[in-house]
Amino acid sequence: MRKIAAVIGSSGIGKSKLAVELCKALHGQAINADALQVYKGLDIITNKMPVNEREGVKHHLMDFLNPEEEYKVTEFLKDASNKIESISEQNQLPVIVGGTNYYIQSLIWNNSLIGQKDKGPTLNDFPELDKLETSELYERLSQADPVMANKWHPSDRRKILRSLKVNSKEIKKKEEKIYQATKIFHQTGQPQSEIIKLQKEQNESDGLKPRYRSLIFWIYAEPSKLNPRLDARVDQMIETGLFDEIKDLRNRVVQGLVKMPDYDVERYQRGLWQAIGYKEFDPYFNALEEGKEETELLKIKVECTERMKAATRRYAKRQIQWIRNKLLPTVLNSKGDDVLVYVLDANDLESWNLNVKDEAIKIAKAFQNNLPMPSPTSLSETAETMLTLSENAQDTQSRVLNWKKYVCDVCKSDKGEPLQLNGDIEWQQHKKSRYHRKYVKHLKVEAMRKAYMELKKQENA
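Residues numbered from 1 in each chain as written. Predicted model: local features only at pLDDT ≥ 70, side-chain atom pairs only at ≥ 80, totals over all residues. Heavy atoms only, no water.

- If you check an unreviewed UniProt entry, the protein appears there as tRNA dimethylallyltransferase from Rhizopus delemar.
- Quoted straight from UniProt, the Catalytic activity (unreviewed entry) entry for the protein says "adenosine(37) in tRNA + dimethylallyl diphosphate = N(6)-dimethylallyladenosine(37) in tRNA + diphosphate". (UniProt positions renumbered as here; feature names shortened; annotations may be inferred.)

Regarding the environment of Thr 382
Turning to step 1, where the next piece is worked out: Turning to its location among the elements, Thr 382 is positioned in helix H14 (residues 381–386).
Turning to step 2, where the next piece is worked out: Residue classification places Thr 382 among the buried residues on the basis of a relative accessible area of 12%.
Turning to step 3, where the next piece is worked out: Distance in space between the C-alpha atoms of Thr 382 and Asn 347 is 9.3 Å, their sequence separation being 35 residues.
Turning to step 4, where the next piece is worked out: Setting aside chain neighbours within four positions, we find Thr 382 in contact with Tyr 220, Val 343, Asp 345 and Asn 347. (Helix = DSSP H or I, 4+ residues; strand = E, 2+ residues; numbered from the N terminus. Buried < 20%, exposed > 50% of the residue type's maximum accessible area, 1.4 Å probe, protein only. Contact = heavy atoms within 4.5 Å.)

Concerning the pairing of strand E5 (residues 213–220)
Walk down a regular strand and you will see the side chains alternate between the two sheet faces.
Turning to step 1, where the next piece is worked out: Buried residues dominate E5, accounting for 7 of its 8 residues.
Turning to step 2, where the next piece is worked out: Both strand E1 (residues 3–9) and E5 contribute to a ladder of 7 bridges, which runs parallel. What sits directly across from Ala 6, in E5, is Ile 216.
Turning to step 3, where the next piece is worked out: Pairing geometry for E5 and strand E6 (residues 339–345), over 7 bridges, is parallel. By the bridge assignment for E6, Ser 214 is matched with Val 339. (Pairing = 2+ DSSP bridges.)

Observations regarding the packing of helix H16 (residues 423–432) against helix H17 (residues 434–460)
Turning to step 1, where the next piece is worked out: Across the interface, H16 lies against H17 with an axial gap of 5 Å and an inter-helix angle of 55 degrees. By the angle between their axes, H16 is oblique relative to H17. Residues His 430, Lys 431 and Lys 432 of H16 touch H17, and the partners they reach there are Arg 434, His 436 and Arg 437.
Turning to step 2, where the next piece is worked out: When the residues that make up the contact of H16 with H17 are grouped by side-chain class, the tally is no nonpolar, 2 polar and 4 charged. (Axes fitted to C-alpha atoms, helices over the stretch in contact; angles between N-to-C directions. Parallel < 35°, antiparallel > 145°, perpendicular 65-115°, else oblique. Nonpolar A, V, L, I, M, F, W, Y, C, P; charged D, E, K, R; others polar.)

A closer look at the environment of Val 253
Turning to step 1, where the next piece is worked out: Residue position: Val 253 is located in helix H10 (residues 242–254).
Turning to step 2, where the next piece is worked out: Placed 185 residues apart in sequence, Val 253 and Glu 68 show a C-alpha to C-alpha distance of 9.6 Å.
Turning to step 3, where the next piece is worked out: The residues touching Val 253, leaving out its near neighbours within four places in the chain, are Val 258, Met 260, Trp 273 and Tyr 278.

Digging into helix H9 (residues 223–239)
Along an α-helix, residues three or four positions apart point the same way, because every turn accommodates 3.6 residues.
Turning to step 1, where the next piece is worked out: Between the first and last C-alpha of H9 there are 24 Å, a value that for 17 residues agrees with the 24 Å anticipated at 1.5 Å per step.
Turning to step 2, where the next piece is worked out: Considered for burial, the residues of H9 that qualify are Leu 226, Arg 229, Leu 230, Val 234, Met 237 and Ile 238.
Turning to step 3, where the next piece is worked out: Next to the buried residues of H9 lie H10 and helix H12 (294–332).
Turning to step 4, where the next piece is worked out: Two residues or fewer past H9, Gly 241 is found with a positive phi of approximately 120 degrees. (Expected span 1.5 Å × (residues − 1).)

Quick notes on the side chain of Lys 48
Turning to step 1, where the next piece is worked out: With respect to the element layout, Lys 48 can be found in the loop between strand E2 (28–32) and strand E3 (59–60).
Turning to step 2, where the next piece is worked out: Of the polar contacts made by the side chain of Lys 48, one reaches the backbone oxygen of Tyr 39; its length is 2.5 Å.
Turning to step 3, where the next piece is worked out: Not counting residues within four places of it along the chain, the set of residues in contact with Lys 48 comprises Gln 37, Tyr 39, Lys 40, Gly 41, Asp 43, Arg 54, Met 62 and Asp 63. (Polar contact = N/O pair within 3.5 Å; in protein donor to acceptor, adjacent residues only side chain to side chain.)

Shown next, in the form of structure tokens:
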């Protein structure tokens, strides 16, 4: 079985830096696992490591795709596997590095990718789906896969957009989930829930089998330490030419040289257009093109900058959630020790060499030479904390299949309907909420008052 190393973590944590350090120390080559860094140019908005900082280390699967193209995970799986074979044949260590954790997880384990054996039509072969209203998509999904349909809110796009405006992020999240689940059915011919169920049954009977002996380094810093770094990086991106990249890309779209996705909900959720910064600065560039006054432009620029910083922080949080809730349970619940995860403490950048670089190189050399490996939880308090699963931790398949909606008959929605809660966590949080407890108490008092009044009425009869 081939050996690989992987460097994961949130945006702005230093993944590329550690990958270069590992490659230099262990004669390795880097393989990009960032879904946005596959695109040609656009180095700033996709946060590519500058060439001069790569210190001569070869980086594969970067800078080869045009902006209007899409790079599916199945294509990454094929290309990365080929690169691993080629690098291994040179007696060098493949080091996978990037923030698209779904890519990395799908590469490490067999049977982890929905529909990966399918040789049928691709998602782009169903353009009619792009034009459907959300309610139509939901109706199709309800017929094709009622289990998954039960997970999402049925959204009447026209009414919701009228009340919450076009830029409602919650609407887009719900619409996208419905949209993607429907496409999975069209792509594979199987309901998504059925595929997940089969995967779970296979994993429970045979275990989830890794393709490679894998050493995963998870670089971690607390949000209180990481978020100021992310904010500073956004400022640096603006200073070093982010606006020039966005302006050039916008011009190419206007000239028809680059085509954006037509479907509104998907426009900023596919391919290059997901890059944080492009959509966040739309209001600024629109105002610039409309010839707004300088003072108004400055105000909009500040607002857009803050929007980009907030989006970057949210993205980093989602990356950590993926690792904690999906990747880590898969590793810790799998059979054998072919996949190992080590947490490296990057809270203090002054101690990077001691806590991150030197620690990783020492562990990687032991891994490469088949020497005894240290206990992952022994590295630091941070490692012990982050590698401890909660009692309620489940694998991805179990979470999907066990997921259900709850209805609170006590509390009402804005429409006066019983309030719907999505999943166990949201239900438990609602039951503990001040609003729910206060209203339950109010109903009890009201019931007692009515009973008392009824009793008085009977006594006076």
